[in-house]
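Residue-level structure breakdown
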Amino acid sequence: MEHRTDTTEVVNFWGIPRSLWRTGVLIVFFALVLLGFFLSLTKGSSQITLNQIIDILSNPGDSPQSQIIWNIRMPRTIVGALVGVNLSLAGAILQAVMRNPLADPHIIGISSGAGLAGVAIMILFPEMEMLLTPVAFVGAMSAAVIIYILAWKNGIKPVRIILAGVAVSAFLGAGISGLMIFFSDRVHGALMWMVGGLAARSWPHVHIILPYAIIGLLLAFCAASYLNVLQLGDEMARGLGVNVEVTRILCTALAALLAASSVSVVGLLGFVGLIVPHAARLLVGSDYRFLLPSAALLGAATVTLSDTFARVILAPVELPVGIIMAFLGAPFFLFLLRREI
Amino acid sequence: MTIIDVKNLCVSINDKPIVKNLSFVIPEHQLTAIIGPNGCGKSTTLKAISRILPYTGEITFKNKNTKSFSHKEFARSLAVLTQSPQAPTDITVYDLVEMGRFPYRSFLGRQTEEDKHYVHWALEQTGMLEMRHRLLSTLSGGERQRAWIAMALAQNPEVLFLDEPTTYLDICHQLEIMQLLERLNKELGLTVVMVLHDLNHTLQYTNHVIVIKQGELVCEGNPKDVVDKELLRKVYSVLADEFACSNGLRALLPVDLIKQ
């Protein structure tokens, strides 16, 4: 990525100093978030212009357009953006904690833990739906702990984490399938949830995910310097005064919380936590003080843009955004496999 | 003066005892070498004292049990450089050295003027100031090792532990690192403890040596008295010749294995 120079700041391929480049990338990502909001609010079965949106935002009336913006598109866009932020942060944190470039809440099975817990609530105890987020969190955390214990043998080896994650994920996936087959009469909601989609997400969903997103964002930025030191390996991190085990557990819990809050709102939306932190890492480097904010912004932009695309590509049929993410994510995963491992 | 006192140190890895009932002292403001054959427990001993590995026994730092230090407090007193440590490929020397200030940061702490001062000082001491904006991955082996030593110095420790600091370096860069450590010891009074393979480096640069074989102490003392061809025969089963160097010190050249 960077070229060698002697006394001046590191410059990238085009000769741009690193700090300037990083600031520029953050600005571009922020612009992408604005673009995502703009497209998500304007595009759809009813086209609404930017001027109309500005009118509606400053002076909400009772017009049909205002109803569409306030009750449908705005909450859906906000949920998409927050889910993008949470999943991207969870992925970025897990990649440092597990010391594995392929760690992502979906791949290593944390999402499946949240998924099984969530499907169980939806199918077995539909009257307790307000417990969905905490229960999904417990599911995610349990899955993380199980993977960690299975992969632990005199330290953490990246390959063992992935293998343990795949095994746990398959096991929990079987649980989800089992529930769906035994209770096939109640399965319609759960099925959409399995793919991950933003259809009919509204203000209650914003209220569910917002507190977790804010807490997660604040804690993630506090954790940045710890995550940086963890990248030097367990022994050096210990030598620098990091309580490695406690830091790992707390950061994994934070990632599980972020992932679980997303899963409880949009279902098993895969690949966001893998693609976004990597794309951000390719552009701003592996310093978590810059990587975390970049990943958060890029995550919000990716999900809102993908969801808009999913809504308009086959209109009037609406695809779940999870399908778009998988189409983007699977080739990207292969690209990473060839590049890094 | 003793700065670290190790009593009855035992370390097991996978229930296999690696270090068995080791007791020795590390003198303050000296260069100490830990030597012994492969697998004798040198690195394990170093890691146990620096609290990287769990152990039984009692280790005191300035008469205070090391287990009573907080993690960060301990990292401010003792810096450790493990063998071939890893770092992200896109990290700059400056960012790496800045991580040495981690033990001085509070949970939300930002970089202070004091941090900047010590980072600058550590870069200066190791001759890395000019290269501070270079990527670590573009440096030569010797430069990279100096960058890591700068990171450890930025911790402003009283004791610096190094695990085979000259491995994979050519003889010129080996001497450069040894002379850097010698200078840091003389000028700053830094206590340096290192695992070494090269017995001639031990003779040339250190003034205290701890010899370990199969997890047990063979002897400790001044290398001029302790490290000789008799020790090579006993500890390494190697027959060696002794030579007098132009600086008045002794050099050892292994010439044959001793068949048992």
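Calculation notes
- Residues numbered from 1 in each chain as written.
- Chains lettered and ligands numbered in written order.
- Predicted model: local features only at pLDDT ≥ 70, side-chain atom pairs only at ≥ 80, totals over all residues.
- Helix = DSSP H or I, 4+ residues; strand = E, 2+ residues; numbered from the N terminus.
- Rg over C-alpha atoms; globule rule 2.2 N^0.38 Å.
- Buried ≥ 20, exposed ≤ 12 C-beta atoms within 10 Å, placed from the backbone.
- Contact = placed C-beta atoms within 7 Å.
- Domains from an automatic or database assignment.
- Nonpolar A, V, L, I, M, F, W, Y, C, P; charged D, E, K, R; others polar.
- Axes fitted to C-alpha atoms, helices over the stretch in contact; angles between N-to-C directions.
- Parallel < 35°, antiparallel > 145°, perpendicular 65-115°, else oblique.
- Left-handed = near helix turned anticlockwise from the far one by under 90°.
- Pairing = 2+ DSSP bridges.
- pLDDT = per-residue confidence, 0-100.
- Core = buried A, V, L, I, M, F, W, Y, C linked by C-beta atoms within 7 Å.

Another aspect to go through is the overall build of chain B. Per the secondary structure count, chain B includes 9 helices and 12 strands. Here the C-alpha radius of gyration of chain B, 19 Å, is about what a compact globule of 260 residues would show, namely 18 Å. Along the first, second and third principal axes, the C-alpha set of chain B runs to 60 × 40 × 35 Å. Out of the 260 residues belonging to chain B, those deemed buried represent 43%. In chain B, 65% of the contacts between residues at least 6 apart in sequence involve partners at least 24 apart.

Residues and elements named next belong to chain B. Under the domain assignment used here, chain B contains domain 1 (2-227) and domain 2 (229-260). Going through the elements one at a time, α7 (199-205) and β9 (208-213) are the ones with two or more residues in the side of domain 1 that touches domain 2. The leading source of residues in the side of domain 1 that touches domain 2 is α7, at 4 residues. Here the residues of the side of domain 1 that touches domain 2 sort into 7 nonpolar, 3 polar and 1 charged.

A few words on the packing of helix α4 (residues 113-125) of chain B against helix α5 (residues 141-154) of chain B. Residues and elements named next belong to chain B. Closest axis-to-axis distance for the α4/α5 pair is 8 Å, and the angle between their directions is 140°. Here α4 lies oblique to α5, going by the angle between them. The handedness of the crossing between α4 and α5 is right-handed. Residues Y118, V119, A122, L123 and Q125 of α4 form the contact with α5, whose participating residues are A150, L153 and A154. Taken together, the residues of the contact of α4 with α5 break down into 7 nonpolar, 1 polar and no charged.

What follows concerns the sheet that holds β9 of chain B. Residues and elements named next belong to chain B. Sheet architecture is open: 6 strands sit in the order β6-β7-β8-β3-β9-β10, paired in mixed fashion. The sheet is open, and its two edges are formed by β6 (78-81) and β10 (216-221), each paired on a single side. Direction aside, the axes of adjacent strands within the sheet are offset by 15° on average. Bridging between strand β7 (residues 159-163) and strand β8 (residues 191-195) involves 5 bridges; their strand directions are parallel. When the bridges of β8 are listed, V159 appears paired with T191.

Quick look at the interface of chain A and chain B now. Across the contact, 27 residues belong to chain A and 29 residues belong to chain B. Taken together, the elements giving at least two residues each to the side of chain A that touches chain B come down to α8 (203-230) and α9 (234-239) of chain A.

This brings us to the confidence of the model for chain A. Residue and element names in this part refer to chain A. Residue-level pLDDT values for chain A average 84, and 94% of them are 70 or greater. Ranking the helices and strands of chain A by mean pLDDT puts helix α12 (residues 288-312) first, with 93, and strand β1 (residues 2-3) last, with 42. Per-residue pLDDT stays below 50 along residues 1-6; that stretch engages in 13 contacts with residues further than four places along the chain or on separate chains.

Residues and elements named next belong to chain A. Among the secondary structure elements, L26 is positioned in helix α1 (residues 18-42). In this structure L26 comes out as partly exposed when scored by C-beta crowding, with 18 C-beta atoms within 10 Å. Residues within four places of L26 in sequence aside, it is in contact with P293, S294 and L297.

As a further point, take the nonpolar core. In terms of nonpolar packing, the biggest core is built from 181 residues, with I93, A140 and A259 of chain A together with V97 of chain B touching the most fellow members. The element best represented in this core is helix α3 (residues 64-97) of chain A, accounting for 16 residues. Residue-level mapping places this core at the junction of two domains, with at least three residues from each of domain 1 (2-227) and domain 2 (229-260) of chain B. With near-sequence residues (within four places) excluded, V97 of chain B lies in contact with V119, A122, L123, A147, A150, M151 and A154 of chain B.

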